[in-house]
Amino acid sequence: MKYSYSVIQMREADTAAIKSGITAQELMERAGHALAQTVLCAMQKTGIDDALFICGGGNNGGDGFVAARILSEKGKEVAVLCAATKFTDECKSAKESFHGEIYGVMPRRRYALIVDCLFGTGLSREPEDDEAALIDFINHSGAYVVSCDMPSGLSENGIAFSHCVRANETLAIGQIKNALYLADGADVSGEIAVADIGIPARSRGVEIWGQEDIKPFFPKRRSHSHKGDYGDATVLAGNSYSGAAFLAAGACLKSGVGYTRLRVPESLYPSAVGKLPACLLKKYNAPDGEMLASACIATGMGAGVSEQYFELLTELVTGYTGTLILDADALNTLSLFGVELLKEKACRIIVTPHVGEFARLTKKSSQDVLNNCVSYAEDFAKEFGVTVVLKNNRTVIADGERVAISVSGSPALAKGGSGDVLSGFMAGTAARGVPCFEAACIACDLVGNAGEYAAHEMGEYAPDATDIIAYLPKVMSDILS
């Protein structure tokens, strides 16, 4: 399992490392050596022989001065652009140890590789004046860009300020920061690597699931088994959009669950007949014994928002004892008629809002949610005792005790129906007996991977939700191989 950490967690780890006897200067030397090696590899990969380090006056700038010194000692042609007038003690010492060329203004000479050591972590304001000009200089240079720790201009919540470096590579110092995965961080960080400089994390980080973490949940099946051994999931469709129900049920069929039941209102039943022959199709008016016997029920996809639907949700939340997945209009209905219903639950609940739906649930602005997605997901999960799947380009999963960021996916998933596919696949996974948090992490990762496959084969514009379902078998095959 990989982990990422908040800026606060890393500052605490830095402080603890220094208290244990490692000096700040020694940590800077270690970081500088790791950065020098990364730059050297980038030079070899690109065939570039010269580099310009752009250094601020903080310890991130000090890392840059150390790396520039090391590369200069190796015979590489390096220079530093430093516009800072104030320096930390460690940065000042590193600067004095570098005996190469230091520019005070942007040079006329063009460098083919630029190393961004301007800010690093913890930037909480918009870069201004000379700082903004330096970032623009980097972005408009046409150079290959390596950022140290974080691209300068990226906030700790992953939101890029209007002036933000767009890196080809980012070397995270010590541990990966959450910001590199969240929101804009996924677009501006490029390829991410980690430099272990001997700063152990002091608290549990955010989980980053990979194939090796998912594989144990797909054990080899016994030949002496039957469909009843692999769970029973119900997709409870709504009245407004029939397509959402078919997408969710279609994805559920690919999850490995034994039974996929599709329940539709009478008005949709004629159009549903024969649509998905592998589903067990029935009409519904109210929850019945067969539905309530399912290990997992997913609802909200295409349901519409109404007081009648809120009454149905009340029956499910208070009377069902399996795993209930609330998506789309189920969440919009709770936002309108009362999210406090979740506190009356008799079942395990997974809520799967995108940013806008979560903003409505919590009565916050969408921008506020984006700025605080990890902490808000954690807080909501703790308050209501549910598993939260807060969907964005990188999805945050929280259950009140653990947090994960799903880093798979593609802009190809930015289409109507992708969320229905996710909920359906998640329902089938949970119905197989996988706990809520793990089922959410697995579904987010595999559906995201299916989106990556679709984008690779079809480009980012063409795939729709049915294509995502079509690529799920390829993703499953990778897990089982």
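Attention here is on the structure that accompanies the text. (Residues numbered from 1 in each chain as written. Predicted model: local features only at pLDDT ≥ 70, side-chain atom pairs only at ≥ 80, totals over all residues. Heavy atoms only, no water.)

Things to note about the overall build of the protein
Phase 1 of the analysis: Looking only at helices and strands, the protein has 18 helices and 19 strands in total.
Phase 2 of the analysis: Relative to the globule expectation of 23 Å for 481 residues, the C-alpha radius of gyration of the protein, 25 Å, shows essentially globular dimensions.
Phase 3 of the analysis: Based on the C-alpha atoms only, the size of the protein along its principal axes is roughly 80 × 40 × 40 Å.
Phase 4 of the analysis: Here the protein holds 481 residues, and the buried ones make up 55% of them. (Helix = DSSP H or I, 4+ residues; strand = E, 2+ residues; numbered from the N terminus. Rg over C-alpha atoms; globule rule 2.2 N^0.38 Å. Buried < 20%, exposed > 50% of the residue type's maximum accessible area, 1.4 Å probe, protein only.)

A short note on the nonpolar core
Phase 1 of the analysis: Counting residues in hydrophobic clusters, the biggest one holds 56 residues, and the most contacted among them are L262, I397, V421, F425, M426, L446 and V447.
Phase 2 of the analysis: Contributing elements (two or more residues each) for this core: β11 (232-236), α8 (242-253), β12 (259-264), β14 (296-299), α16 (418-431), α17 (436-458) and α18 (465-480).
Phase 3 of the analysis: In terms of residue count, the dominant contributor to this core is α17 (twelve residues).
Phase 4 of the analysis: I397 has contacts with T387, V388, V389, R402, V403, A404, S406, F437, A440, C441 and C444, leaving out every residue within four places of it along the chain.
Phase 5 of the analysis: Grouped together as the second largest cluster of nonpolar side chains are 54 residues, A172, L180, Y181 and L331 included. (Core = buried A, V, L, I, M, F, W, Y, C linked by side-chain atoms within 4.5 Å. Contact = heavy atoms within 4.5 Å.)

Some points on α18
Quick reminder: α-helices carry 3.6 residues per turn. Residues three or four places apart thus point the same way.
Phase 1 of the analysis: For α18, spanning 16 residues, the distance from its first C-alpha to its last is 23 Å, which sits close to the expected 22 Å at 1.5 Å a residue.
Phase 2 of the analysis: Helix geometry: α18 is bent most strongly at Y471, by close to 30°, with proline P473 lying one to four residues after it.
Phase 3 of the analysis: A465, D467, I468, I469, L472, V475, M476 and I479 are the residues of α18 that are buried.
Phase 4 of the analysis: If you follow the buried residues of α18, they end up packed against α7 (211-214), α8, α16 and α17. (Expected span 1.5 Å × (residues − 1). Bend = angle between axes of the 7 residues up to and from the residue.)

Some remarks on the packing of α8 against α16
Phase 1 of the analysis: One way to put it is that α8 packs onto α16 with a least axis distance of 7 Å and a crossing angle of 40°. Accordingly, the angle class assigned to the pair α8 and α16 is oblique. The chirality of how α8 crosses α16 is right-handed. Between α8 and α16, the residues in contact are A244, L247, A248, A251 and C252 and D420, V421, G424, F425 and G428, respectively.
Phase 2 of the analysis: The class makeup of the residues in the contact of α8 with α16 is seven nonpolar, two polar and one charged. (Axes fitted to C-alpha atoms, helices over the stretch in contact; angles between N-to-C directions. Parallel < 35°, antiparallel > 145°, perpendicular 65-115°, else oblique. Left-handed = near helix turned anticlockwise from the far one by under 90°. Nonpolar A, V, L, I, M, F, W, Y, C, P; charged D, E, K, R; others polar.)

Points about the pattern of salt bridges
It is possible for side chains bearing opposite charge to pair when their charged atoms get close.
Phase 1 of the analysis: This model, assessed by the stated rule, comprises 21 salt bridges.
Phase 2 of the analysis: A salt bridge links R261 to E290, with the shortest nitrogen-to-oxygen separation between them at 3.7 Å. Of this pair, R261 sits in strand β12 while E290 sits in helix α10 (residues 289-292), and the two are 29 residues apart along the sequence.
Phase 3 of the analysis: Given a relative accessible area of 14%, R261 falls into the buried group.
Phase 4 of the analysis: A residue is classified by how much of its surface remains accessible, and E290, at 32% relative accessible area, is partly exposed.
Phase 5 of the analysis: Taking the shortest distance from any N to any O, the salt bridge between D327 and K391 comes out at 3.4 Å. Linking D327 in the loop between β15 (323-326) and α12 (329-337) with K391 in the loop between β17 (387-390) and β18 (395-398), this pair joins segments that are 64 residues apart in sequence. (Salt bridge = Lys/Arg side-chain N within 4 Å of Asp/Glu carboxyl O.)

Details of the state of the cysteines
Phase 1 of the analysis: Within this structure, the stated rule accounts for zero disulfides.
Phase 2 of the analysis: Looking at the unpaired C41, the closest cysteine sulfur is the one in C148, lying at 15 Å.
Phase 3 of the analysis: With relative accessibility at 37%, the residue C41 sits in the partly exposed group.
Phase 4 of the analysis: Take C252: it sits in no disulfide, and the sulfur closest to it among the cysteines is that of C279, at 7.3 Å. (Disulfide = S-S within 2.5 Å.)

Re the sheet that holds strand β5 (residues 113-117)
Strand-to-strand pairing in sheets goes through backbone hydrogen bonds, with the strands running parallel or antiparallel.
Phase 1 of the analysis: Read from one edge of the open sheet, seven strands run β4-β3-β2-β5-β6-β7-β9, paired in parallel fashion. If you trace the sheet from one side to the other, it starts and ends with β4 (101-103) and β9 (191-195), each paired once. Ignoring which end each strand starts from, the neighbouring axes of this sheet average 20° apart.
Phase 2 of the analysis: Here strand β2 (residues 50-55) pairs with strand β3 (residues 77-82) via six bridges, running parallel. Each residue of the ladder has a partner; that of C55, found in β3, is C82.
Phase 3 of the analysis: Most of the contacts of helix α3 (residues 59-73) go to β2, to which it runs at about 155°, and overall it touches β2, β3, β4, β5, β6 (144-148) and β7 (169-173). (Pairing = 2+ DSSP bridges.)

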